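# Commentary on secondary and tertiary structure
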Amino acid sequence: MTLLSAERVRAVPKVELHIHLEGTFRPARVAELAAIAGEEPPRPVDRLFEADNLADFLETLDWVCGLVRDGPTAEQVAYDFAAYAHNQGIVYAEVIVNPTHWSGLSTAGLFTACARGFDRAQAAGLGDYRLLPSILRQQTEQEARELVEWIEGAGLDRIIGLSIDGNEEAAGRTGPRFAPAYADAARIGLGRTAHAGESSGAEGVRDAIELLGVSRIDHGVRCAEDPAVLAMVLDNSITLNVCPTSNCTLLYSSLDDHPIRDLDAAGVRYTINTDDPETLGITLCSELMLVSSHLDWGMADLVAAQHRAIDAAFCSDEDRAVLRALLDQTVGT
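Residues numbered from 1 in each chain as written. Predicted model: local features only at pLDDT ≥ 70, side-chain atom pairs only at ≥ 80, totals over all residues. Heavy atoms only, no water.

Right, let's talk about the side chain of Asp207 for a bit. Take Asp207: it is sitting in helix H9 (residues 202-210). Overall, Asp207 belongs to the buried group, its relative accessible area being 10%. For Asp207, the contacting residues outside a window of four places in its chain are Arg173, Gly175, Pro176 and Leu212. (Helix = DSSP H or I, 4+ residues; strand = E, 2+ residues; numbered from the N terminus. Buried < 20%, exposed > 50% of the residue type's maximum accessible area, 1.4 Å probe, protein only. Contact = heavy atoms within 4.5 Å.)

What follows concerns the sheet that holds strand E3 (residues 128-136). Spatial ordering of the open sheet is given by E1-E2-E3-E4-E5-E6-E7-E8, a layout of eight strands whose pairing is parallel. Of all the strands in the sheet, just strand E1 (14-20) and strand E8 (269-272) have a single pairing partner and so form its edges. Within the sheet, the average angular offset between the axes of one strand and its neighbour, ignoring direction, is 25°. Sheet topology note: the E1/strand E2 (residues 90-97) ladder contains five bridges and is parallel. Pairing of Glu16 across the sheet is with Ala93, part of E2. Packing against the sheet, helix H5 (residues 107-123) makes contact with E2 and E3, and its axis sits at approximately 160° to E3. (Pairing = 2+ DSSP bridges. Axes fitted to C-alpha atoms, helices over the stretch in contact; angles between N-to-C directions.)

Look at helix H6 (residues 141-154) against helix H8 (residues 175-187): their axes get within 8 Å of each other, and the N-to-C directions meet at 10°. Viewed along their axes, H6 and H8 adopt a mutual orientation that is roughly parallel. Regarding H6 and H8, the two cross each other, and that crossing is right-handed. Contacts between H6 and H8 involve Glu141, Ala144, Arg145, Val148 and Glu152 on the former and, on the latter, Arg177, Phe178, Pro180, Ala181, Asp184, Ala185 and Arg187. Of the residues in the contact of H6 with H8, the class split is six nonpolar, no polar and six charged. (Parallel < 35°, antiparallel > 145°, perpendicular 65-115°, else oblique. Left-handed = near helix turned anticlockwise from the far one by under 90°. Nonpolar A, V, L, I, M, F, W, Y, C, P; charged D, E, K, R; others polar.)

If you look at the biggest cluster of nonpolar residues, it comprises 108 residues, and the most contacted ones within it are Phe81 and Leu240. Sort the elements by how many residues they give to this core and helix H4 (residues 71-87) lands first, with eight residues. (Core = buried A, V, L, I, M, F, W, Y, C linked by side-chain atoms within 4.5 Å.)

The next subject is unusual backbone geometry. Phi angles above zero are rare outside glycine, and His219 is one such case at about 80°. Here His219 is to be found in strand E6 (residues 216-219). A residue is classified by how much of its surface remains accessible, and His219, at 1% relative accessible area, is buried. The backbone of Asp296 shows a phi angle near 60°, a positive value even though the residue is not glycine. Inspection of the secondary structure assignment puts Asp296 in the loop between helix H14 (284-295) and helix H15 (299-312). Residue Asp296 is classed as partly exposed on the basis of its relative accessible area of 44%.

A separate point is the pairing of strand E5 (residues 191-196). When a strand is regular, its side chains alternate between the sheet's two faces. Burial analysis of E5 places five of its six residues in the buried class, the great majority of the element. Bridge count for strand E4 (residues 161-165) against E5 is two bridges, and the pairing is parallel. If you follow Gly161 over to E5, its bridge partner there is Gly191. Two elements, E5 and E6, share four bridges in a ladder whose sense is parallel. Residue pairing for E6: Ala194 is matched across the bridge by Ile217.

The next thing to look at is the packing of aromatic side chains. One pass over the structure, following the stated rule, counts seven aromatic pairs. Arranged with centres 5.5 Å apart and planes meeting at 55°, the rings of Phe49 and Phe57 form a pair that is tilted. Summarising the burial analysis for this pair, Phe49 and Phe57 share the class buried. Of the aromatic side chains, those joined through ring pairs into one cluster are Phe81, Tyr84, Phe118 and Tyr129. Its guanidinium or amino end placed over the ring of Phe314, Arg216 lies 3.7 Å from that ring's centre, counting from NZ or CZ. (Phe/Tyr/Trp six-rings, centres within 6.5 Å; stacked < 30°, edge-to-face > 60°. Lys NZ or Arg CZ within 6 Å of the ring centre and 35° of its normal.)

On their own, these measurements won't tell you what the molecule is for.
Laid out in structure tokens, this is it:
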């Protein structure tokens, strides 16, 4: 089989479902914001995210996002992401934003500004990018429900789903605590995803399915450790939004140790994503090239992965049809 070239991967219209806006700040932007704020970075900006563990990484994210202290700056951060995505050939993305990281802005101010940035980007032809507000695992049940209540009243069309992220190992089991917020999200028609099966084991995946009622899971790869949970993923047609380099940074020594080959062989629906591309020094194209080489993908496999992502997206059926048509028309030319 002929390996996919970088040019061919770049040319395919792509969908990304697991990417954090917090992980897309370029070093030059961080340096600029730090200078404006009069703050000294904890490390040189080109090595800012060389953290030893997830807790250190999240602490650095808090510092970076805390440099954003007004709506126009947040709008520009969102637009910067759109420019990056367009350069990667990403035509649609659902971008996770956790308001607890952004100490300089209110929830309303943050998401309104991000929506403006994405509106401006789409008007400029850069792509269609949506928002997934995210609960932090350390938050309370009440705080989580208040976030969903705010989403219901905000009326921002760019917000189409609910996420939960943070350090699973440090927070412990959180599914029971956040089940009411996810029930609220289901009631108002939000898509539901959750980080699980990363710093938690397969039990986190089980809770996400049974207690949170998700249709997809961010990471989720450790479901491979428990045949019963793997069967649950298959039986419920759950899509795993896998981030290979991120997983190999925190969980596995190399892609050879990553369970993606076993998940693929088992028939699990999965997509390829970056998680935090700038902090990891990767792009969606580079991740797809990595997986293509590891799994011996051809063009049909790459296109099938994008169709899986379209199927799992939280957008409307009409938007999904547009994405499918764009993908098929482009690949067919």
